[in-house]
Amino acid sequence: MLLKLAWLNIWRNKRRTIITATSVFFAVLLAIIFRSLTDGVYDNMIHNVVSYSSGYLQIHQKGYWEEQSIDNTFEEDEQLYQELLKNPKVTHIMPRLQTFALASYSEKTKGVLILGIDPVKEKEVNNLHDKIVAGEYIESINDNAVVLGEGLASQLKLKVNDTLVLLGQGYHASSAAAKFRVKGLIKLGAIELNNNVVYMPLQQSQYMYGAENRLTSVSVMLNKTTDLEGLKQSLLESIDPNIYEVMSWKEMMPEMDQFIEADSTGHYIVIGVLYFVISFGLFGTLLMMIFERKHELGILIAIGMKKHLLAFILLLEAIMISLIGCFTGVIAGFLVIKWFTAYPIHFTGELKEVYEDYGIESIIYFSSHEKIFIVQTLIVLLLSILLAFYPGYKVMKLKPVEAINS
Amino acid sequence: MLFQIAWRNIWRNKSRSLVVICSIIIGVWAGIFILSFAWGLYKNNIYESVYRQLSHIQIHHPNFSDDNDSKFTISNTDEIVKKLQSDNRIASVSSRVISTGMITSPTTASGVKIYGINPSLEVNQIRLNGYVRQGAYFDSGKENEILIGEKLAKKLKVKLKSKIVLTFTNTESEIISGAFRIGGIYRSKNISLDEVNVYVQKKHLQELLALKPSESNEIAILVKDEEQLDTIKEFIIGVVPQGKIEDWKALSPELNMIIESFNLYTYIISGIILLALTFGIINTMLMSVLERIRELGMLMAIGLNKRKIFIMIMLETFYLTLIGTPIGLLIGWLTVTTLGKTGINLSMFSEGLSSYGFNSVIYPALDQDKYVIIVTMCLVTAILSAIYPAYKALQLNPSEAIRKI
Amino acid sequence: MAKTIIDAHNVSKTFNPKTIPVHAVQNVHVHIEEGEFVALVGPSGSGKSTLLNMMGGLDEPTEGTVFIDGVEITKLSENKLIDFRLHNIGFVFQSFNLIPVLTAKENVGFVLQLQHLPKEEREKRVLTLLEEVGLENKINSKPGELSGGQQQRVAVARALASKPKIILADEPTANLDSISAANLLDIMAKLNKEEKITFLFSTHDQRVIKKARRVITLVDGKIVSDVQQTPS
């Protein structure tokens, strides 16, 4: 009965209801967009960074991370690949043999990072072949050539088709030395990588290090919105934990996690301020509603309506209006984010160049994680319900005679 | 008279006017706070990079940064350093020798950048002594002492006093190996650099590289007032005409990216907040207009034309804005000044941060011109928000309005 | 023969013409001459207010024309109409007559200010007007501090301020007690006689109707009688 009364009441003055619901609507919409934007930026950044480096998750020989030596490698295992790819959230896997060596060309010598990769699988993930600035990309896992970071090449003063000499420590303390033709130069955004990396077909690097069929890691790529820790657990269950270890990018690149953590903590403060502004807008609307209805409320009390009942009806009304606003807000938020996902905002000017230099897509990416919709809507709903207690409080304090005469 | 009516109108419904005034106060405050907070966060990054790593200005041999080869030196550095130190706009100066090579422990090897530093000068420059976690900052007096990062130590599985070998090429392109003993382990706030930067005595590295004592690869300069950066750069060109002089912005394009992205997102976020403010004001002013339909109808009947009604509503909002803005400005300024002294400890909000040892205290700060921008933005927003309600008032038909009497 | 001041010719007003048409006023002809003191009477919903508003240029007829002092106001643009009202017609409404934030003096003065009258002249005229309605000692009171009758008298003074040819009053006494109502009517009658201002007011109050010299009765949007009478 009370519900019905409240429902009828809110439609009696449509204009007021619409104005109030609009406040809630925009509150939900803005909160969702804000969160989607900030989360989306990180998701995108993480996705781009991990696709060049560790992958979202990496599988190593147990103990490898503690002691990153070529001796802690494991044998390639087709069954492991199958097991990983069986998980529907895993999009790609990248087997790698990652080592260090001294690289020299004529008089120059430099310590470098050797990444033994599967060129085909790698380019599916991070479009490595698009980053080639001179020469060509390596084609297969036994191509007898290497691709160098452009920065490294300029330090070694070497060009495409020159021969690079590599010297390192091989499997079981053997010595590893080999000569390779430089097939291409690659420009990478991450300066460290650009100045240090040598990409080598996987089988060539295994051969050079005397580590046939051995890998240091298998990198696993996922969808941007996958629950990282959950997936790590489920992968751990599906493979032998006595042989392998699974690590997330957060464990492998704590500094990036730290940077994001710091930045998103900042965003918590900012979104707090946003909630504050939103609450105030809502509060203002509710306050107006009470002013407008003072007369009517006074009459209701005068004719014998109990104050707490009236307060309860007002609360119900406010909750209903909030629900309408939240509901429409979520739909609009969903549509806005769908729109921006389909037609992303592109950066322009200097920022675009900087981002592209870093190999990050120069778009503003919106996250469409369902968690955002649920959490933001609940927060705004909670806020508006809390605020809705105010009209009730006002009613409890209302003096009918004054109200009627107002 | 219109001004007077508008002014008195806003005091008729005090609560409503207070709601709008408070919205504006909150809008101005929120704008100031968020911008200053973002600025503080970003300054934190810059401060860390500039004062503990890059310095304001670096001088190299023109070929050095391309090749990273130690043979590209600046000669007579002692003289240059002295000359620069005597300038009172410059806070500190130090010179370094730099080589890249490999560090080898009994278990593994890693690529490193080797800095030969003058420990006493660097106390004022990168202040590495403050980051030493274990051991001491070059106090043994032995020339083969080395300072390495905690992360690298972990990777190499070495401890204090462990012996490690550095391998690099000298200026004659010969491969040189030198044994060093770890005298200290440091941890800076940039963990990824901790893994690659190692520090040794400059004199010793010069000998190993076959450099003369007066030759250095890098001169780093901290200035007292960053405003004077450009004029100081001019001055340095006069002192070291053969050198390549770069400021921190040129040295670290990454930093530039952080700044650029930060600016962009800050503006987006401020935009969202202003939008939220807009809806608050539109709603309240709309209610105020709709509530007074009959009164507005009467005003039209007695001869106020629509332009005047429009002006009246706009004036009301304008007055409210005029009251709210200075208060918001004051509160915002007080917040920034207070928090700028005490700082905001982010670790309060995130346990993860403190465990990383990240510098989690942010000192909000804001330039004067940013205040002006925010105030202008809020003013414009408020006035724009009033247009719709005022326009709504224009659409009133006097007879219809009056019929509601 | 006195000259025609209001000539409403074949005036009709239909609300919601597209959905559920309500014919508030249907093909009405009214002639009012200068100096008349006319009551427009009828039950509520008979179209009194609508007719009055149309004759005052507040509302546009769906059909027909209205001439005031020879000007076809139904053809004026909105802004011209506002200006025309300002100089030719004074209004008194049932309630919400005064600008709540202004004092009695300022309320009356406001209209004069809209006509750009110099300040001194304005002050003088405001005082005279308020004296005429018997409120010389309430000039600095705000509407909230005045009784209903006093508020209506201020409204009359304000309606007079622009020296209009006509004053239209829509149920001016509806919210007043009988003494205040009589008082207001007396003032109106006096002004009608002394200043030669045409008064046209709607009412359903018998005591007010008695004071009129001409009574037009409206039922269901049509004039059913139009009689001259001697006010009592």
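Every value quoted in this text rests on a predicted model; they were computed, and no experiment measured them. Each chain has its residues counted from 1, running along the sequence as written. Chain A is the first chain written and ligand 1 is the first ligand written, with later ones labelled in order. Totals for whole chains, interfaces and linings use every residue, but because this is a predicted model, local features are given only for residues with pLDDT of at least 70 and side-chain atom pairs only at 80 or more, for both listing and counting.

Concerning the overall build of chain B
Part 1 of the argument: Counting from the N terminus, the helices are DSSP H or I runs at least four residues long and the strands are E runs at least two residues long. For chain B, the helix and strand inventory stands at 16 helices and 12 strands.
Part 2 of the argument: Its C-alpha atoms give chain B a radius of gyration of 31 Å, more than 25% over the compact-globule value 22 Å for 405 residues.
Part 3 of the argument: On the principal axes, the C-alpha backbone points of chain B span a range of 100 × 45 × 30 Å.
Part 4 of the argument: Comment: burial labels come from other C-beta atoms within 10 Å of the residue's own C-beta, placed from the backbone, where a count of 20 or more is buried, 12 or fewer is exposed, and between is partly exposed. For chain B, the proportion of its 405 residues judged to be buried stands at 46%.
Part 5 of the argument: Long-range pairs, those at least 24 residues apart, make up 81% of the contacts in chain B between residues at least 6 apart in sequence. Computation of the radius of gyration draws on C-alpha atoms alone. For the globule rule, the value is 2.2 Å times the number of residues to the power 0.38. Working definition of a contact: two residues with C-beta atoms, positioned from the backbone, lying within 7 Å.

Considerations on helix α1 (residues 48-55) of chain C
Side chains of residues three or four places apart in an α-helix project in the same direction, reflecting 3.6 residues per turn.
Part 1 of the argument: In terms of burial, α1 of chain C is a largely internal element, 8 of the 8 residues being buried.
Part 2 of the argument: The positive-phi residue at the C-terminal boundary of α1 of chain C is Gly57 of chain C, with phi of around 75 degrees.

Quick look at the sheet that holds strand β9 (residues 214-219) of chain C
Residues and elements named next belong to chain C.
Part 1 of the argument: Ordered in space as β6-β7-β8-β3-β9-β10, the 6 strands form an open sheet in which the pairing is mixed. Edge positions in the open sheet fall to β6 (89-92) and β10 (222-228), since each of these has one partner strand only. Mean inter-strand twist for the sheet, computed between neighbouring axes without regard to direction, equals 15 degrees.
Part 2 of the argument: Where strand β7 (residues 166-170) meets strand β8 (residues 198-203), 5 bridges bridge the pair, whose relative direction is parallel. When the sheet's bridge partners are listed, Leu168 is paired in β8 with Leu200. DSSP calls a pair of strands paired once it identifies at least 2 bridges connecting them. Between N-to-C directions, angles span 0 to 180 degrees; the directions come from axes that are lines fitted to C-alpha atoms, helices contributing only their stretch in contact.

Description of the interface of chain A and chain B
Part 1 of the argument: Each side of the interface is counted separately: chain A has 49 residues, and chain B has 58 residues.
Part 2 of the argument: For the side of chain A that touches chain B, the elements supplying multiple residues, two or more each, are α2 (14-52), β3 (90-105), β4 (108-117), α5 (150-156), α10 (254-302) and α12 (349-357) of chain A.
Part 3 of the argument: If one sorts the elements of the side of chain A that touches chain B by residue count, α10 of chain A sits on top with 23 residues.
Part 4 of the argument: Within the side of chain A that touches chain B, the residues separate by chemical class into 26 nonpolar, 15 polar and 8 charged. Asp, Glu, Lys and Arg are counted as charged, while Ala, Val, Leu, Ile, Met, Phe, Trp, Tyr, Cys and Pro are counted as nonpolar; the rest, among them Gly, fall into the polar class.

Focus: the packing of helix α1 (residues 2-12) of chain A against helix α11 (residues 307-342) of chain A
Residue and element names in this part refer to chain A.
Part 1 of the argument: Following both chains from N to C, one finds α1 and α11 inclined at 60 degrees, their axes separated by 9 Å at the closest point. Taken together, the axes of α1 and α11 are oblique relative to one another. For the crossing formed where α1 meets α11, the hand is right-handed. Each of Leu2, Leu3, Leu5, Ala6, Trp7, Asn9 and Ile10 in α1 lies in contact with α11, whose residues at this interface are Phe312, Ile313, Leu316, Glu317, Met320 and Ile321.
Part 2 of the argument: The residue makeup of the contact of α1 with α11, split by class, is 11 nonpolar, 1 polar and 1 charged. Between 65 and 115 degrees an angle is taken as roughly perpendicular, under 35 as roughly parallel, over 145 as roughly antiparallel, and anywhere else as oblique. In a left-handed crossing the near helix is turned counterclockwise from the far helix by less than a right angle, and in a right-handed crossing that turn is clockwise.

What to know about the interface of chain C and chain B
Part 1 of the argument: The interface is formed by 22 residues belonging to chain C together with 19 residues belonging to chain B.
Part 2 of the argument: Going through the elements one at a time, α1, α2 (78-88) and α3 (104-114) of chain C are the ones with two or more residues in the side of chain C that touches chain B.
Part 3 of the argument: Across the side of chain C that touches chain B, the residue classes tally to 13 nonpolar, 7 polar and 2 charged.

With respect to the sheet that holds strand β5 (residues 71-72) of chain C
Residues and elements named next belong to chain C.
Part 1 of the argument: Taken in spatial order, the 4 strands make up an open sheet running β2-β1-β4-β5, and their pairing is antiparallel. Edge positions in the sheet fall to β2 (22-33) and β5, since each of these pairs with one other strand and no more.
Part 2 of the argument: Where strand β1 (residues 4-15) meets strand β4 (residues 63-68), 5 bridges bridge the pair, whose relative direction is antiparallel. Note that in β4 the partner of His9 across the bridge is Thr65.

Regarding the environment of Asn53 of chain C
Residues and elements named next belong to chain C.
Part 1 of the argument: With respect to the helices, strands and loops of the structure, Asn53 is situated in helix α1.
Part 2 of the argument: In this structure Asn53 comes out as buried when scored by C-beta crowding, with 25 C-beta atoms within 10 Å.
Part 3 of the argument: Between the C-alpha atom of Asn53 and that of Ala157, which follows or precedes it by 104 residues, the distance is 20 Å.

Some details on the arrangement of the chains
Part 1 of the argument: Between chains A and B lies the most contact-rich interface of the 2 pairs of chains that touch.
Part 2 of the argument: Over all C-alpha pairs, chain A and chain C never come within contact, reaching a minimum spacing of 11 Å.

Some points on the nonpolar core
Looking at soluble globular proteins, one finds that nonpolar side chains tend to be buried together.
Part 1 of the argument: By our criterion, buried Ala, Val, Leu, Ile, Met, Phe, Trp, Tyr and Cys residues that link up through C-beta atoms within 7 Å make up a nonpolar core. Core analysis: the biggest nonpolar cluster contains 175 residues, and Leu30 and Leu274 of chain A together with Ile273 of chain B have the highest contact counts within it.
Part 2 of the argument: No other element matches the 18 residues that helix α2 (residues 14-54) of chain B contributes to this core.
Part 3 of the argument: Those residues within four positions of Ile273 of chain B in sequence are excluded, and the remaining contacts are Val273, Leu274 and Val277 of chain A together with Ala30, Gly31 and Ile34 of chain B.
Part 4 of the argument: One finds Ile59 of chain A together with Tyr137, Ile148 and Leu156 of chain B within the second-largest nonpolar core, a separate group that totals 86 residues.

Observations concerning the pairing of strand β7 (residues 163-169) of chain A
Residues and elements named next belong to chain A.
Part 1 of the argument: Only one face of β7 is buried, namely the one carrying Leu164, Leu166 and Gly168, since none of Thr163, Val165, Leu167 and Gln169 on the opposite face is buried.
Part 2 of the argument: In terms of strand pairing, β3 meets β7 through 4 bridges, oriented antiparallel. By the bridge assignment, Ala103 is partnered in β7 with Leu166.
Part 3 of the argument: Where β7 lies against strand β8 (residues 175-186), 7 bridges are found, and the strand directions are antiparallel. Residue pairing for β8: Leu167 is matched across the bridge by Ala177.
Part 4 of the argument: In this antiparallel pair of consecutive strands, β7 and β8, the connection spans 5 residues, and His172 shows a positive phi of 50 degrees.

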